[in-house]
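# Structure assessment
If you want the building blocks of each chain, they are given just below.
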Amino acid sequence: MMRISLVSWALLLSASILFPAGAAQAQVTIVSTGSSMPWPLYNAWNDEYNKTHAGVQVRYLPLGTGESIGRIIAGTGDFGGGEAIVTDAETKGAPSRILQLPTVLIGIVIIYHTPGIGDGLHLSGPVIADIFLGKIKSWNDPAIAKLNPSVRLPGTAISVVHRTEGKGSSYILADYLSKLSPEFLAKAGRSMSPKWPVGEARNRTEENLETVKTTPGAIGYTEMNWALQAGLNMASVRNAAGEFVRPSYASVSAAAVAQVSKMKNDFRVSLTNGPGEESYPISSFTWLYVPEAAKEPARGKAVAEYLQWVYDRGQQIAQEKGYSVLPAAVLAKARQRAATIH
């Protein structure tokens, strides 16, 4: 189903470029590309929006954060989506100034499939870093045992699963691990494409989940709602306050609330390993990368109106589907900033 839909979306994207609104169509079709992590939510948003706004149709193609950023800088598509912080220097070549607008909060969870270990295994940033660097090779390693004194750990070999290049989930995890492991920062790096020294790479989220789910000893990472839907075990991760926190709607929200006062108006802020006893430490915004000035006024107007809907009804839908919505102060600023799009 996903492969078929990607072809369809690609054709839609091509059509929107070749036949812009107003040329041979009465309807404006907004086409965007982006991360697969929020795709189930964005798909739900677009389904409802398309039903209630006859003159505008919104499409979202989940090609990945890196691909999305590249397309927006090149001037292709109406907006993009992803989880990486992009600087003004990186978007300097774009046809218009690029706004980075948050939509919801997400948590990147450590997923695993290990015989004898149930849900909620305790892990810390340095231990996760050493696993993904290939330094910790078995589940009964003393470093893991120290964090889980009441768990009987098997000697099963650890099988690392990571994403292919240009993924937002990789950026968030690498950002977190780079803050806690100088060795990870030096060897793998804070990037959408870390230099993973070990492990198998998976491009699509579904492939990533299936590999972890069917491989004894596997460990990987994904967005929380994807993990919940797949029924995978998720680790509780030690935060900056020293508490092992399970990923949840509340703990991901707590990570943002604890840092609202420090947020700038451009929303380019890292939430990983932030303060707060209840904060889940691998949390982040997911953003839309939106040209402030569209190529056509009609398209800019359509995008601005869609974003106002996202910051109203869209937040209600997100909450209903188990996503952590934007804190009130951030929501107000995002709505105000989105109103400048034209």
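Anything mentioned here points back to the structure above.
These figures come from a predicted structure and were not determined experimentally.

### Some details on the overall build of the chain
- Of the regular secondary structure elements, the chain holds 13 helices and 12 strands.
- For the chain, whose C-alpha radius of gyration is 20 Å, the value lies close to the compact-globule estimate of 20 Å for 342 residues.
- Along the first, second and third principal axes, the C-alpha atoms of the chain reach 65 × 45 × 35 Å.
- Relative to its full complement of 342 residues, the chain shows a buried share of 55%.
- Residue pairs in contact within the chain that sit at least 24 positions apart in sequence constitute 75% of those at least 6 positions apart.
- Accessible surface for the chain amounts to roughly 14000 Å². Of this, 55% is attributable to carbon and sulfur atoms.

### Overview of the pattern of salt bridges
- For the structure shown, the criterion picks out 16 salt bridges.
- For Arg299, the salt bridge goes to Asp78, with nearest N and O atoms at 2.9 Å. With Arg299 in helix α11 (residues 297–310) and Asp78 in the loop between α3 (65–73) and β3 (79–82), this residue pair connects regions lying 221 residues apart in the sequence.
- By sharing partners, the salt bridges in this structure join Asp130, Lys135, Glu183 and Lys187 into a single network.

### Here's the deal with the packing of aromatic side chains
- Under the defined criterion, the tally for this structure stands at 12 aromatic pairs.
- A ring pair is formed by Trp196 and Tyr221, whose centres lie 6.0 Å apart and whose planes are at 40 degrees; its orientation type is tilted. With a gap of 25 residues between them, Trp196 in the loop between α7 (182–187) and β7 (200–202) and Tyr221 in strand β8 (residues 218–223) connect regions that are remote in the sequence.
- What makes Trp196 buried here is its relative accessible area of 14%.

### Details of the sheet that holds strand β5 (residues 122–123)
- Pairing is mixed in the open sheet, where 3 strands are placed in the order β5-β10-β11. Two strands in the sheet have a free side with no partner beyond their single neighbour: β5 and β11 (244–245).

### Some thoughts on helix α2 (residues 39–52)
- With 14 residues, α2 ought to run about 20 Å at 1.5 Å a step, and its terminal C-alpha atoms sit 20 Å apart, in line with that.
- Among all positions of α2, only Trp39, Leu41, Tyr42, Ala44, Trp45, Asn46, Tyr49 and Asn50 are buried.

### A look at the environment of Thr76
- As for its position among the elements, Thr76 is in the loop between α3 and β3.
- A sequence separation of 19 residues divides Thr76 from Pro95, and the C-alpha atoms of the two residues are 9.8 Å apart.

### A word on the packing of α2 against α11
- Following both chains from N to C, one finds α2 and α11 inclined at 115 degrees, their axes separated by 11 Å at the closest point. If you check the angle between α2 and α11, you find them roughly perpendicular. At the point where α2 passes α11, the crossing takes the right-handed sense. Contact residues: Trp45, Asn46, Glu48 and Tyr49 in α2; Ala302, Glu305, Tyr306, Trp309 and Val310 in α11.
- Taken together, the residues of the contact of α2 with α11 break down into 6 nonpolar, 1 polar and 2 charged.

### Points about the nonpolar core
- Core analysis: the biggest nonpolar cluster contains 100 residues, and Trp45, Ile110, Ile219 and Leu307 have the highest contact counts within it.
- Among the elements that take part in this core, strand β4 (residues 98–113) stands out by supplying 11 residues, more than any other.
- The residues touching Ile219, leaving out its near neighbours within four places in the chain, are Ile110, Ile111, Tyr112, Leu123, Ile131, Phe132, Trp139, Ile158, Ser159, Val160, Val161 and Val212.

### Here we look at the environment of Gly64
- Structurally, the position occupied by Gly64 is in the loop between β2 (56–61) and α3.
- Overall, Gly64 belongs to the buried group, its relative accessible area being 5%.
- Spatially, the C-alpha atoms of Gly64 and Met192 are 9.8 Å apart, while their sequence positions differ by 128 residues.
- Setting aside its immediate chain neighbours within four residues, Gly64 contacts Gly34, Ser35, Gly166 and Lys167.

### Here we look at α3
- For α3, the complete set of buried residues consists of Thr65, Ser68, Ile69 and Ile72. Take α3 and look down its axis: the buried residues cluster within an arc of 95 degrees, on one side only.
- Where α3 is buried, its residues touch β1 (28–34), β3, β4, α6 (168–180) and β12 (283–291).
- Following α3 by one or two positions, Gly75 has its phi on the positive side, about 85 degrees.

The rules behind these values
- Residues numbered from 1 in each chain as written.
- Predicted model: local features only at pLDDT ≥ 70, side-chain atom pairs only at ≥ 80, totals over all residues.
- Heavy atoms only, no water.
- Helix = DSSP H or I, 4+ residues; strand = E, 2+ residues; numbered from the N terminus.
- Rg over C-alpha atoms; globule rule 2.2 N^0.38 Å.
- Buried < 20%, exposed > 50% of the residue type's maximum accessible area, 1.4 Å probe, protein only.
- Contact = heavy atoms within 4.5 Å.
- Areas by Shrake-Rupley, 256 points an atom, 1.4 Å probe, with all protein chains shown as cover.
- Salt bridge = Lys/Arg side-chain N within 4 Å of Asp/Glu carboxyl O.
- Phe/Tyr/Trp six-rings, centres within 6.5 Å; stacked < 30°, edge-to-face > 60°.
- Pairing = 2+ DSSP bridges.
- Expected span 1.5 Å × (residues − 1).
- Axes fitted to C-alpha atoms, helices over the stretch in contact; angles between N-to-C directions.
- Parallel < 35°, antiparallel > 145°, perpendicular 65-115°, else oblique.
- Left-handed = near helix turned anticlockwise from the far one by under 90°.
- Nonpolar A, V, L, I, M, F, W, Y, C, P; charged D, E, K, R; others polar.
- Core = buried A, V, L, I, M, F, W, Y, C linked by side-chain atoms within 4.5 Å.
- Arc of directions from axis to C-beta.

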